[in-house]
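# Survey of secondary and tertiary structure
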Amino acid sequence: MDTEAVRSFVRAAELGQLQHAADELGVTQQAVSKRVAALERGLDVRLFTRTARGVELTLDGQAFLPHARNIINGVDRAVTAIKPGSRALRIDVLGLRSAQAVVLHDYWRSHPGTDLDVVTLRVNDPRTAVAAVQAGEIDASFRSVTDPAALPRDVRMIHAFDSPLELVVGPRHPLASARTLTPSQLCGHRIWVPGIAPRSEWAEFYDELTTAFGLRIDAAGPNFGNEVLLDILADSADVATLVGSRDRYIWPTNYDLRRIPVIGPTLAYPLSLILPRANPHPGLRAIVDHFASLAPLPEAVWRPSWALTPRRSAPDAAP
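As a convention, each chain's residues are numbered from 1 in the sequence order in which they are written. Owing to the predicted nature of the model, reporting of local features is limited to residues with pLDDT of at least 70; listing and counting of side-chain atom pairs is limited to 80 or more, with chain, interface and lining totals taken over all residues. Calculation of side-chain values draws on the structure's entire complement of heavy atoms; hydrogens and water are dropped beforehand.

## Here's the deal with helix H10 (residues 284–292)
Type-normalised accessible area, obtained with a 1.4 Å probe on protein chains alone, sets the label of each residue: buried when under 20%, exposed when over 50%, and partly exposed for intermediate values. Starting at the N terminus, helices and strands are each numbered in turn, a helix being any DSSP run of H or I of at least four residues and a strand any DSSP run of E of at least two. Listed as buried for H10 are Leu284, Ile287, Val288, His290 and Phe291. Viewed end-on, H10 has its buried residues packed into an arc of 150°, placing them on one side of the element. Contacts are assigned to residue pairs with any non-hydrogen atoms lying within 4.5 Å of each other. Tucked inside the fold, the buried residues of H10 contact strand E3 (89–92), helix H5 (99–110), strand E4 (116–119), strand E5 (140–141), strand E6 (155–169) and strand E11 (266–276). Taken from the helix axis, the directions to the C-beta atoms give the arc we talk about.

Shown next, in the form of structure tokens:
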């Protein structure tokens, strides 16, 4: 069924004049007349009778009108649901306590009118997130494809911001009293990061980190969640972990855990944003500008080899 023919019928019925319907729809009266005639042929009924004052609904037309309105309303809602700028901006983050979610929340608090939908795809392979961007299921994803040449031509990846690492330890750990730490001071200590997923970007990050500084990253055991990890750290005198400085962690006061910045150099986890190359959601521009406004890191920074160069352009600028 031709939805524009249905739309012409609805407006003609509501306005009582083919010409008025044509004026509103931006077409000629003849076009509206042809659309209605085609609709009547398809339904095999008469929808209107012509009068000196315009058109009036037949009994069949009266029966069809409410259903025709539902058809047009459904079509309009469907178009609105997929039209950039008229629906919520959907962004995938690794977790709702991650640095990405924290920064997005900071942006939303300063721009509370933003229609923002923060989702978590719960996938480790960034190629799955790329496919979701391609399919239009999400507008952008905080993921990094460590080989940019492997990206499909219709998506691109930009630098979002860097997340400096901090060491988290319990009060009995030998490094607990330090105000800051250098990477060399971490050598020899067990840094437990459970559940590092093979082929994930963070697996490659920790591989390069251990090679660069000779750290002992222990990925043994399944990841039972942040609460279990924090429980173990609070009771341990030798286990530590690394977290991003903006990652949100909450623990009981009696745990007395310490978050200690790592400097000289700062160890930075690079966060990238994957988005469509053509026609990105209009709401992305302001969010990328917000990333650019974040405080820069110190000059002495270590990043993995695949990190993108920080940039200041908006998402619809040329790559």
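Next comes the rest of the account.
## Topic: the packing of helix H2 (residues 18–25) against helix H3 (residues 29–43)
At their nearest, the axes of H2 and H3 sit 8 Å apart, and the two run at 105° to each other. One finds that H2 runs roughly perpendicular with respect to H3. Across from Leu18, Gln19, Ala21, Ala22 and Leu25 in H2, the residues of H3 making contact are Gln29, Val32, Ser33 and Arg35. Under the scheme applied here, ten amino acids are nonpolar (Ala, Val, Leu, Ile, Met, Phe, Trp, Tyr, Cys and Pro), four are charged (Asp, Glu, Lys and Arg), and all others, including Gly, are polar. Here the contact of H2 with H3 is composed, by residue class, of 5 nonpolar, 3 polar and 1 charged. In this analysis, axes come from line fits to C-alpha atoms, helices being fitted only over the stretch in contact, and the angle between any two N-to-C directions falls in the range 0 to 180 degrees. For classification purposes, angles smaller than 35 degrees are called roughly parallel, those larger than 145 roughly antiparallel, those between 65 and 115 roughly perpendicular, and all remaining angles oblique.

## Some points on H5
One less than the residue count of a helix, multiplied by 1.5 Å, gives the span that helix is expected to have. For H5, with 12 residues, the first-to-last C-alpha span of 17 Å sits near the 16 Å given by 1.5 Å per residue. Lining the buried residues of H5 we find E3, E4, E6, E11 and H10.

## Points about the pairing of strand E9 (residues 239–244)
Of all 6 residues that make up E9, 6 are buried, and the element is covered over most of its length. Going residue by residue along E9, you find Val239, Thr241 and Val243 tucked away on one face and Ala240, Leu242 and Gly244 tucked away on the opposite face as well. Judged from the 5 bridges that link them, E6 and E9 form a sheet pairing that is antiparallel. Bridge pairing in E9 links Val169 to Ala240. When DSSP locates at least two bridges between a pair of strands, those strands are taken to pair.

## Observations regarding the packing of aromatic side chains
A pair of aromatic rings is counted whenever rings of Phe, Tyr or Trp (Trp by its six-membered ring) have centres within 6.5 Å, and the orientation is called stacked for planes under 30 degrees apart, edge-to-face for over 60 and tilted otherwise. Scanning the model with the defined rule gives 10 aromatic pairs in all. Considering the side-chain rings of Phe9 and Phe64, the 5.3 Å spacing of their centres and the 40° angle between planes classify their relative orientation as tilted. Taken together, the residues Phe9 in helix H1 (residues 3–15) and Phe64 in helix H4 (residues 59–82) connect sequence positions 55 residues apart. Judged on exposure class, the residue Phe9 and its partner Phe64 are both buried. Judged by centre distance (5.3 Å) and plane angle (85°), the rings of Phe205 and Tyr206 are edge-to-face. Each member of the pair, Phe205 as well as Tyr206, is classed as buried.

## Let's talk about unusual backbone geometry
The omega torsion across Gly264 and Pro265 is 5°, close enough to zero to call that bond cis. With respect to the secondary-structure elements, Pro265 resides in the loop between strand E10 (258–261) and E11. Look at Asp256: it is not a glycine, yet its phi comes out positive at around 55°. With respect to the helices, strands and loops of the structure, Asp256 is situated in the loop between E9 and E10.

## Things to note about a nonpolar patch on the surface
Only residues whose relative accessible area exceeds 30% and that form no salt bridge enter a patch; like-charged residues are grouped when within 9 Å of one another, and nonpolar side chains (Val, Leu, Ile, Met, Phe, Trp, Tyr) when within 5 Å. Calculation of accessible area relied on Shrake-Rupley with a 1.4 Å probe; when residues are assessed, cover is drawn exclusively from the protein chains displayed. Note on definitions: salt bridges are taken to be side-chain nitrogens of Lys or Arg within 4 Å of carboxyl oxygens of Asp or Glu. Where nonpolar side chains cluster on the molecular surface, the patch consists of Phe224, Val228 and Ile232 and spans about 270 Å² of accessible area. Within the secondary structure layout, Val228 lies in helix H9 (residues 226–235). Look at Val228 and you get partly exposed, because its relative accessible area is 33%.

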